[in-house]
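Structural features, examined
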Amino acid sequence: MMTADKSTTAGANGRLTGRVAIVTGGGAGIGYAIAARLAAEGARVVIAERDDQYGKSAAAALGVEFSKTDVRHRESIDEAISFTLSRFGQLDILVNNAGVTRFLDFLDITEGDWDLIQAVNARGVFFFMQAAARVMAENGQGGAIINIASIAGKGYGSTSSAAYAASKAAVIALTRIGAVQLASDGIRVNAICPGITVTHNLLGDESGNGTDVAPVSKAWSGAETDEGRARFRALVQTIPLGRPSRPEDMGSLAAFLASDESASITGQSLNVDGGLVFD
Ligand SMILES: NC(=O)c1ccc[n+]([C@@H]2O[C@H](COP(=O)([O-])OP(=O)(O)OC[C@H]3O[C@@H](n4cnc5c(N)ncnc54)[C@H](O)[C@@H]3O)[C@@H](O)[C@H]2O)c1
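In the nomenclature of an unreviewed UniProt entry, the chain corresponds to Putative oxidoreductase from the organism Rhodococcus wratislaviensis NBRC 100605. UniProt, in the comment section headed Sequence similarities (unreviewed entry), describes the chain in these words: "Belongs to the short-chain dehydrogenases/reductases (SDR) family."

1. As for the confidence of the model for the chain
The pLDDT averaged across the chain works out to 88; a share of 86% of its residues lies at or above 70. Across residues 1–11, where pLDDT falls below 50, the model places 25 contacts with residues more than four positions away in sequence or in other chains. Here residues 200–214 scores under 50 on pLDDT; set against residues more than four positions off or in separate chains, the count is 38 contacts.

2. Structural notes on the packing of aromatic side chains
By the definition in use, this model includes 1 aromatic pair. Residues F126 and F127 carry aromatic rings whose centres are separated by 4.9 Å and whose planes lie at 75° to one another, so their mutual orientation is edge-to-face. Classification of F127 by relative accessible area gives partly exposed; the value is 25%.

3. Quick look at the nonpolar core
Counting 45 residues, the largest nonpolar core has I22, I81, F128, I145 and I196 as its most contacted members. When residues of this core are assigned to their parent elements, the largest contribution, 10 residues, is made by helix α5 (residues 111–139). In this structure F128 touches I22, T24, A48, T69, V71, I77, A80, I81, L94 and N96, once residues within four positions along its chain are discounted. One finds A36, I146, M250 and A258 within the second-largest nonpolar core, a separate group that totals 29 residues.

4. A closer look at the site of the ligand
As a structural note, the neighbourhood of the ligand is formed by 30 residues, with I30, E49, D70, N97 and Y164 the closest of them. Take R50: an N or O atom from its main chain is 3.3 Å from a nitrogen atom of the ligand. The side chain of D70 places a nitrogen or oxygen atom 2.9 Å from a nitrogen atom of the ligand. About the coverage of the ligand: the protein hides 98% of its 830 Å² of free accessible area. Elements with a contribution of two residues or more to the shell around the ligand: α2 (29–40), α6 (162–182) and α7 (215–221). Top element by residues in the shell around the ligand is α7. It accounts for 4 residues. Of the residues assigned to the shell around the ligand, the class counts are 15 nonpolar, 10 polar and 5 charged.

5. So, the pairing of strand β6 (residues 187–194)
With 8 of 8 residues buried, β6 is to be regarded as a mostly interior element. The alternating pattern of β6 places I187, V189, A191 and C193 on one face and R188, N190, I192 and P194 on the opposite face, and all of these are buried. A crossover links strand β5 (residues 143–148) with its parallel partner β6, the connecting element being α6, and its sense is right-handed. Sheet analysis places β6 next to strand β7 (residues 269–272), joined by 4 bridges and oriented parallel. By the bridge assignment, A191 is partnered in β7 with S269.

6. Concerning the sheet that holds β5
Ordered by their spatial adjacency, 7 strands build an open sheet running β3-β2-β1-β4-β5-β6-β7, and the pairing between neighbours is parallel. Strands at the two margins of the open sheet, each flanked by one partner only, are β3 (65–68) and β7. The mean inter-strand angle of the sheet, taken between neighbouring strand axes irrespective of direction, is 20°. Along the sheet face, helix α9 (residues 247–258) touches β4 (93–96), β5, β6 and β7 and points at about 165° away from the line of β6.

7. Things to note about the packing of α5 against α6
A pair of packed helices is characterised by two quantities: the angle between their axes and the separation of those axes. Contact pair α5 / α6: the axes reach a minimum separation of 8 Å and the direction vectors enclose 15°. With respect to α6, the element α5 is oriented roughly parallel. When the axes of α5 and α6 are compared, the crossing they make is right-handed. Here W114, I117, Q118, N121, A122, V125, F126, M129 and A133 of α5 lie close against α6, whose contacting residues are A163, Y164, A166, S167, K168, A170, V171, L174, G178 and L182. Class assignment for the residues of the contact of α5 with α6 results in 14 nonpolar, 4 polar and 1 charged.

Thresholds, definitions, all that
- Residues numbered from 1 in each chain as written.
- Predicted model: local features only at pLDDT ≥ 70, side-chain atom pairs only at ≥ 80, totals over all residues.
- Heavy atoms only, no water.
- UniProt positions renumbered as here; feature names shortened; annotations may be inferred.
- pLDDT = per-residue confidence, 0-100.
- Contact = heavy atoms within 4.5 Å.
- Phe/Tyr/Trp six-rings, centres within 6.5 Å; stacked < 30°, edge-to-face > 60°.
- Buried < 20%, exposed > 50% of the residue type's maximum accessible area, 1.4 Å probe, protein only.
- Core = buried A, V, L, I, M, F, W, Y, C linked by side-chain atoms within 4.5 Å.
- Helix = DSSP H or I, 4+ residues; strand = E, 2+ residues; numbered from the N terminus.
- Near = heavy atom within 4 Å.
- Polar contact = N/O pair within 3.5 Å; in protein donor to acceptor, adjacent residues only side chain to side chain.
- Areas by Shrake-Rupley, 256 points an atom, 1.4 Å probe, with all protein chains shown as cover.
- Nonpolar A, V, L, I, M, F, W, Y, C, P; charged D, E, K, R; others polar.
- Right-handed = clockwise from strand over helix to strand, strands pointing away.
- Pairing = 2+ DSSP bridges.
- Axes fitted to C-alpha atoms, helices over the stretch in contact; angles between N-to-C directions.
- Parallel < 35°, antiparallel > 145°, perpendicular 65-115°, else oblique.
- Left-handed = near helix turned anticlockwise from the far one by under 90°.

This is the structure in structure tokens:
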């Protein structure tokens, strides 16, 4: 299941040699591809992942470390940071990728839906940023934080739910305010906004017709039903480049944003969506 294909490692050039990275939710989907790319570029990587099976198999496939982590809990975040420091002695890159959603109509969202989605996608992102920034500020070398937001946070209407869109708008706001308030510590903060992204590890094919889509894609596309699959195919038709984004598309941008090649870029939320959204 968790094998790095050629496109995962394409362009690897050691830009991140000597750096240490944490990738939250790196056991599957986009996070897995980002962990693979950072490792291929020379970083030592810790996958901070809630799911034991995903975390262990991803770490084994990529030759990286796994720290069982639930980003909803502050103490779990602290444990992931401590694990990383005890293993590698430094932390230079944080990729806040862990995220959840549910496919819900505006009128049906409950307090439970809202709280779960904000707890992972917004609260977890903030407290992981804070914990990592403390370490980066203290070491005097600064660092790079990359948050995985979504075009949903910029108002893309065909998303899974209003609760998800709100959580991703929060991530974009945290990226901007973090960039300003952490700049004096040498910390750059940027976000990647994926569009319709088909996670490579579980999906049968790129058209969105696969039956075993990874959780986030499954939730927002409603891919577990015929109606959901038809909706997904129709959405793919609206992408100007004519195909869904791939997790590897996020991996290459994450590696760039983590590297010194983006030394002058901070506070930006960059769309990787085949041309769906322009702001
Ligand atoms: N797939 C898409 O089309 C799409 C589009 C826009 C944005 N995104 C964002 O990209 C990120 C990754 O999405 P994906 O499609 O790869 O999702 P995915 O569901 O395939 O993977 C998410 C990973 O995060 C982990 N995770 C979930 N909750 C966690 C928690 N509380 N603590 C630690 N780990 C946790 C899961 O176990 C899983 O390994 C998410 O933030 C998502 O919102 C995805």
